[in-house]
Amino acid sequence: MAKRDLINITDLTQEEVGEILDLADDMVAHPEKYYEECAHKKIATLFYEPSTRTRLSFESAMLELGGNVIGFASANSSSASKGESVSDTVKVIECYADIIAMRHPKEGAALVASNACSVPVINAGDGGHFHPTQTLTDLFTIRKEFGRIDNIRIGFCGDLKFGRTVHSLIEALLRFEGVEIVLISPDELKLPKYNKESMTEAGIKWTETTSLEDAIPDLDVLYMTRVQQERFFNEEDYIRLRDTYVLDRAKMKLAKEKMIVMHPLPRINEISVDVDRDPRAVYFKQVRNGKDVRKALIATLLRWKEEM
Amino acid sequence: MAKRDLINITDLTQEEVGEILDLADDMVAHPEKYYEECAHKKIATLFYEPSTRTRLSFESAMLELGGNVIGFASANSSSASKGESVSDTVKVIECYADIIAMRHPKEGAALVASNACSVPVINAGDGGHFHPTQTLTDLFTIRKEFGRIDNIRIGFCGDLKFGRTVHSLIEALLRFEGVEIVLISPDELKLPKYNKESMTEAGIKWTETTSLEDAIPDLDVLYMTRVQQERFFNEEDYIRLRDTYVLDRAKMKLAKEKMIVMHPLPRINEISVDVDRDPRAVYFKQVRNGKDVRKALIATLLRWKEEM
Amino acid sequence: MAKRDLINITDLTQEEVGEILDLADDMVAHPEKYYEECAHKKIATLFYEPSTRTRLSFESAMLELGGNVIGFASANSSSASKGESVSDTVKVIECYADIIAMRHPKEGAALVASNACSVPVINAGDGGHFHPTQTLTDLFTIRKEFGRIDNIRIGFCGDLKFGRTVHSLIEALLRFEGVEIVLISPDELKLPKYNKESMTEAGIKWTETTSLEDAIPDLDVLYMTRVQQERFFNEEDYIRLRDTYVLDRAKMKLAKEKMIVMHPLPRINEISVDVDRDPRAVYFKQVRNGKDVRKALIATLLRWKEEM
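Residues numbered from 1 in each chain as written. Chains lettered and ligands numbered in written order. Predicted model: local features only at pLDDT ≥ 70, side-chain atom pairs only at ≥ 80, totals over all residues. Heavy atoms only, no water.

A.B. asks: What should I look at first to understand the overall build of chain A in this one?
C.D. replies: In terms of regular secondary structure, chain A is built from eleven helices and nine strands. Expected size for 308 residues packed as a compact globule is a radius of gyration near 19 Å; at 20 Å, chain A falls within 12% of this value. The C-alpha extent of chain A, read off along each of the three principal axes, is 55 × 45 × 40 Å. When the 308 residues of chain A are sorted by exposure, 62% land in the buried category. By sequence separation, contacts in chain A at least 24 residues apart represent 73% of the contacts at least 6 residues apart. Looking at chain A as shown, the accessible area adds up to about 12000 Å², and 47% of this sits on carbon and sulfur atoms. Between the averaged position of the 41 positive side-chain charges in chain A and that of its 50 negative side-chain charges there is a distance of 2 Å. (Helix = DSSP H or I, 4+ residues; strand = E, 2+ residues; numbered from the N terminus. Rg over C-alpha atoms; globule rule 2.2 N^0.38 Å. Buried < 20%, exposed > 50% of the residue type's maximum accessible area, 1.4 Å probe, protein only. Contact = heavy atoms within 4.5 Å. Areas by Shrake-Rupley, 256 points an atom, 1.4 Å probe, with all protein chains shown as cover. Lys, Arg positive; Asp, Glu negative; His and termini not counted. Charge placed at Lys NZ, Arg CZ, Asp CG, Glu CD.)

If you want it as structure tokens, here you go:
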């Protein structure tokens, strides 16, 4: 089929990622140039599980490109409840829309969708698996807010065991030069072994620690994640560990002046709200960047489709 | 009130049906001619029960005409839960929208709505009653994919007892010349007597059989439907019968080279997925046709309203 | 922050209210002048509890101004279920949208939202607290359908104890000259003392009665509200009282020829449907006025933001 999809970040070459980030930069600088980019085109946002932030990010992106939106926000308002397969659903949707963004609780659902239909499919999260537009957002944010992606020391803090976002970003960072990774987590939530092996194979320098305070002074980028209570056997462990991994003003004082703090959101307690006004806190800028990079991605996939 | 509605397919004369299908053809051939057809107009999609396919079909149609969409996808997000009557709801909605597409679990709800308000109401399904835009879709599909609606031999297969879609299409076909109908179903799911009487009165030739294999070689059009388990007293009957009415490649070998296979979707098991690539399988084209004929219908009802 | 919000009707000066109503009048007279007013802008409708009428009113308003819409219709399809604070949610949403309309079951939620973000926030109802766009709708309706807001005798009938709409409108009317207020309710549902004190302080003439029939002949405006069964201790009281406060044709015969009947809707039984055709019944016009005044409000808040 003459189209490209984005199921995993590795579906894009390193050069293509760069082109998408460049296009996103241009869209930020000159939004009016793109007011008609997707005129008379539609995106279908098929969200089999709710994710307001991601859904509205895609919808805003398409609207800013002059396109339109159809879709559903949760499975109970979809035909899935009548037992229709994902393949059949997207074969229906391709009669209505030019591009699909799909969120699904089952790993592999977006891939199945992309194989079944003739319009580009963007994976907006499939279970614990991939979430490539979050990774594009993170890369765009590091480049835009810190200034470069290569030759950085980036710390990942919190739940590194289950954090899909972390795994994907690490995988993407393997392709950049001079990246050094610091893994900051309790023993219960360490990064899985195979992720560490990938880093070692790719020649990435990485270290592991349980102390955010020890790690923070040397970081260029601090990537915070939620520590979810349901990951722990007992509440005491959770409460003890949770506080260790809360970023507050005291810990921010230990950090470099140019460090940036990222977070995929939603944030619960793991970043104190008094950090929000620190100019190094870029997690809300990250949201805007997510919308902008999705604009670039949608435009790129639709351009590629037309060229084929 | 100076407006027309579409509650049942018979609300349209045979000539009007033809004009709508002609307009749909022109919209397919020259979509750009209609980019501004409904500019500054809005459709309200009031879906008191979820039906993603139908809802998105209406919404896509309106967007392709340059119009906008408001609405709700299920009753729990509507004022119905506060006890408001359908009449009051549409009197509110006509303050916001120029045309209404309503899906409701209760028979007659769309008629009540159409009587209460001054904007055109399209019945998008009212319980087991009518679903006239599905019938327009089916007529458009037969004409477009088979080449004509008159002088065809059409087989209906599966659940002919409860299948609203089947009853409506048969009712519409009574007005065409030389149509011959073959009813293919288990004894438990035969077409109701009054539908048969209508056919006889209209002078339509019809026959009845329990064997899809026997019937298929002579058909121009095969209209498949779902056989739902909940229609049967026991699971054994269901399983035995279900397989008899599954269309697969073996059965397709018995059919004419020019036969077309239709299905209102969603499809569960009653058509094997390996039939999908057979050029005679038009059920996904039917979805696109549904969107196109709804474009023509919306445009027509809004034009009629302006002329009055 | 260089922006204005509308959390309570008193956030607007009396002069500003007048300007918004004037703009709404012009939008009704010349809708085409405003087709591009909000081009390339988006409203986010964040409805943490369903309210179809209000949500669709905002969405229609924005679409008629050439803008676009994103949002959610109920909390279960939002990030709130993941424990995100309202502050964080609106900091995310301001990356996507130029203005926010928020409905929330908790009093004060819209105020919190307005303090957290840099785009204008319109309170679309926060619990039993404020609902300022309903009040604007009511003021616009009185001015448009009766001809003036000052020097009127307005009766409020039904549940004056819990009716948020009534409290807000009374508060707004305190600023107009020569307004006389008649409170018509059962003893169980009388207007709270502090509202009466506000009227007295503002020098407003007010009286109280339990009889709609006694009060109706002298009224310029009759504002009806729902009497909800759950407000009563026992069903007998409810049934006895409910009927006393039902407006029907018999009671309408007692009213002035130029009186207008308003109702915030949804209406259950408190206005007999045979009153709907009486030209004095303006409650469905009120819905259209609500859409038009929201257009004026959205345009005004966005203009103010640009001027700052």
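A.B. asks: Which parts of the structure should I look at to understand the UniProt feature "binding site: L-aspartate" (unreviewed entry) in chain A?
C.D. replies: All names here are of chain A. Mapped onto this numbering, the UniProt entry gives "binding site: L-aspartate" (unreviewed entry) at Lys82, Arg164 and Arg226. With respect to the helices and strands, the residue Arg164 is situated in helix α6 (residues 164-173). On the basis of relative accessible area, Arg164 is assigned to the buried category, the value being 15%. Ignoring any residue separated from it by four or fewer positions in sequence, one finds Arg164 in contact with Arg103, Gly125, Asp126, Gly127, Gly128, His129, Phe130 and His131. For Arg226, a relative accessible area of 24% puts it in the partly exposed group. One polar contact links the side chain of Arg226 to the main-chain carbonyl oxygen of Pro266, over a distance of 3.4 Å. (UniProt positions renumbered as here; feature names shortened; annotations may be inferred. Polar contact = N/O pair within 3.5 Å; in protein donor to acceptor, adjacent residues only side chain to side chain.)

A.B. asks: Sorry, what's going on with the interface of chain B and chain A here?
C.D. replies: Reports of interface size often rely on the accessible area that becomes lost once the parts have come together. Each partner contributes residues to the interface: chain B has 24 residues there, and chain A has 21 residues. Put simply, chain B and chain A have four salt bridges between them. With a closest N to O distance of 2.6 Å, Glu64 of chain B and Lys42 of chain A form a salt bridge. Among the elements of the structure, α2 (52-64) and α11 (283-307) of chain B are those that each provide at least two residues to the side of chain B that touches chain A. Of the residues forming the side of chain B that touches chain A, the biggest block, nine residues, is contributed by α2 of chain B. By residue class, the composition of the side of chain B that touches chain A is ten nonpolar, four polar and ten charged. (Salt bridge = Lys/Arg side-chain N within 4 Å of Asp/Glu carboxyl O. Nonpolar A, V, L, I, M, F, W, Y, C, P; charged D, E, K, R; others polar.)

A.B. asks: Looking at this model, I keep getting lost on the environment of Arg267 of chain C. Mind explaining?
C.D. replies: On the secondary structure map, Arg267 of chain C appears in the loop between β9 (260-262) and α11 (283-307). Classification of Arg267 of chain C as buried rests on a relative accessible area of 3%. Taking the C-alpha atoms as reference points, Arg267 of chain C and Asp187 of chain C, separated by 80 residues in sequence, lie 22 Å from one another. Side chain to side chain, Arg267 of chain C and Asp88 of chain B meet in a polar contact 2.6 Å long. Within the local environment of Arg267 of chain C, its side chain forms a polar contact with the backbone oxygen of Ile271 of chain C, the two atoms lying 3.0 Å apart.

A.B. asks: Where do I start with the pairing of strand β4 (residues 121-126) of chain B in this structure?
C.D. replies: Regular strands place their side chains on alternate faces of the sheet. Residue and element names in this part refer to chain B. Burial of β4 is extensive: six of the six residues sit out of reach of the surface. Here strand β3 (residues 99-104) runs beside β4; their pairing, made up of four bridges, is parallel. Pairing of His104 across the sheet is with Asp126, part of β4. In this fold, β3 hands off to helix α4 (residues 109-116), which returns the chain to β4; that crossover is right-handed. (Pairing = 2+ DSSP bridges. Right-handed = clockwise from strand over helix to strand, strands pointing away.)

A.B. asks: I keep staring at the packing of helix α2 (residues 52-64) of chain A against helix α11 (residues 283-307) of chain A and nothing clicks. Help me out?
C.D. replies: Packed helices, taken two at a time, are described by the angle their axes make and the gap between the axes. Residue and element names in this part refer to chain A. Interhelical geometry of α2 versus α11 gives an angle of 60° and a closest axis separation of 8 Å. Judged on the interaxial angle alone, α11 and α2 are oblique. Between α2 and α11 lies a crossing of right-handed hand. The segment α2 lies against α11, with Thr54, Ser57, Phe58, Ser60, Ala61, Met62 and Glu64 engaging Gly290, Lys291, Arg294, Lys295, Ile298 and Leu302. (Axes fitted to C-alpha atoms, helices over the stretch in contact; angles between N-to-C directions. Parallel < 35°, antiparallel > 145°, perpendicular 65-115°, else oblique. Left-handed = near helix turned anticlockwise from the far one by under 90°.)

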